[in-house]
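So you can see what is in the structure, the chains are spelled out below.
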Amino acid sequence: MIPFDFEYLPAHTTAEAVAYYVSRAKAGQSPLYCGGATEVVTLGRIGQLETGAVIDIRHIPSAQVLTQRHDQVVAGAGVTLTQIADSVLIAETFPLLAASAREIADRTARNQITLGGNICGQIFYREAVLPLLVCESAVRLAGPNGLRELPMDRVFDQTLRLQPGEFLVQTATDTVLAGAPWVYVKRRKMGSVGYPVVSAAAIRVDRDIRVAVSGVYPFPVRALDLEQALNRRELPLSRRIEAAVSTIRADLVLDDVEAARGYRLFVLRDVLREIVESLDA
Amino acid sequence: MQPVTLTVNGWVRTVVVRGSETLLDVLREQMGLTGAKPGCENGDCGACTVLVDGVPQKACLLLAAMAADCRVTTVEGLPRTQLQAAFIRCNAFQCGYCTPGFLVNAHALLACVAHPSERQTQEWLESNICRCTSYEEICEAVRTAADARDNGVAGEDEMPG
């Protein structure tokens, strides 16, 4: 049971959602936007989240889009991870996104968790972000100042840096990058459901590999210095991997009950090896 | 508090809920439908699985207000099915606490895929945990129910609502 109450407000347009936010913020209710609301329930139960109003954005038509338009693959923030993982369109145009979505939580949970909820959630891993980072996707945001579109690398720094009252409506990814050679690796402590020790999404653009990782730091990241080291083709593979891992800030690496710091770095080496062997071929 | 109209197992009923109440709490405490079980209440175990518009959802993670105007099916809405008969025939349970969640999820799987592969069955059913570890028997029950449907054995009800 959630030990506090809140207003549940389903919004049907971006303007309605923003209006709900503005009025409830003014009333001191600390409103939150939600997709599937799984974190509202799980974190609310244990006192890590509190709000007086939850604004459901799933019914906004533009947040329900899953399409290819003008050389971009467009995914709405209200689309569930199952819809992405099962979509024929996404399998054909952005298979890396489908692969990352398919590995998050379990299927029944994915029936509820939305793309936007995963990207904007509080859980460390937020693995749906990884394909968007390596493909330099754009995010379309709605807020009190209207709509804006920004490249992911300008607005994502550990979290999606939203302005007060703003929410994610869509992501848009260039079809060439979305269709680039890819590999997705997720290593768990055990089983096929659950949080990662390390997850990584990688693509090859021309001869260079791009990598974004989750489970290393307490946030998803595309590390350009790691990529640079990994792409030093003049070096033997083992030295490329060591050079890449040496760019990791050890003091920031997660060290918790899921996996110790040293183990995460050990697994990261293995993941990077798999990526290079797959994409260098 | 807000009134919410829920359609559960074909019955339309208006209940008054708090915004923060989960569908699981409302089903059990206001509607007397105790088939969906509270297990972890954290979205991990799947004992509370119900169908919302035919899609399996964990009722402990779903706000009741989010199910307004949707068709909700609990295990009580799936009586006398080939799947239940197969669970009995295959001894696909021991304590039975997880069984409603498995039945609901497997019912949706069979409604969605005529002949689920082993991989599909695993992908769907790994959302549910059986602490008595009857997994092999549960998968066998799903195969048995699919075969029974192929062979025209009577008993499988249509998806209600």
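Below is a short write-up of the structure. Note that the structure is a prediction, hence the values are computed from the model and not measured. (Residues numbered from 1 in each chain as written. Chains lettered and ligands numbered in written order. Predicted model: local features only at pLDDT ≥ 70, side-chain atom pairs only at ≥ 80, totals over all residues. Heavy atoms only, no water.)

## Some details on the overall build of chain B
Helices and strands together make up the secondary structure of chain B, namely five helices and five strands. Listing the helices and strands of chain B from first to last along the sequence gives β-β-α-β-β-β-α-α-α-α. At 15 Å, chain B has a C-alpha radius of gyration in line with the 15 Å of a compact globule built from 161 residues. Taken along its principal axes, the extent of the C-alpha atoms in chain B is 50 × 30 × 25 Å. For chain B, the proportion of its 161 residues judged to be buried stands at 53%. If you sum the accessible surface of chain B, you get close to 7,000 Å²; carbon and sulfur atoms cover 50% of it. (Helix = DSSP H or I, 4+ residues; strand = E, 2+ residues; numbered from the N terminus. Rg over C-alpha atoms; globule rule 2.2 N^0.38 Å. Buried < 20%, exposed > 50% of the residue type's maximum accessible area, 1.4 Å probe, protein only. Areas by Shrake-Rupley, 256 points an atom, 1.4 Å probe, with all protein chains shown as cover.)

## So, the overall build of chain A
Looking only at helices and strands, chain A has 13 helices and 14 strands in total. At 19 Å, chain A has a C-alpha radius of gyration in line with the 19 Å of a compact globule built from 281 residues. In terms of principal-axis extent, the alpha carbons of chain A reach across some 60 × 45 × 30 Å. Put simply, chain A has 281 residues, and 57% of those count as buried. Considering only intrachain contacts with a sequence separation of at least 6, the fraction spanning at least 24 residues in chain A is 59%. (Contact = heavy atoms within 4.5 Å.)

## Some remarks on helix H2 (residues 82-89) of chain B
Residue and element names in this part refer to chain B. Those residues of H2 not exposed but buried are Gln82, Leu83, Ala86 and Phe87. Viewed along the axis of H2, the buried residues span an arc of 145°, placing them on a single side of the element. Projecting away from the buried face of H2 at angles above 90 degrees are the exposed residues Ile88 and Arg89. In this structure, the buried side of H2 is in contact with helix H3 (99-112) and helix H5 (135-150). Phi for Asn91, located one or two positions after H2, is positive at around 50°. (Arc of directions from axis to C-beta.)

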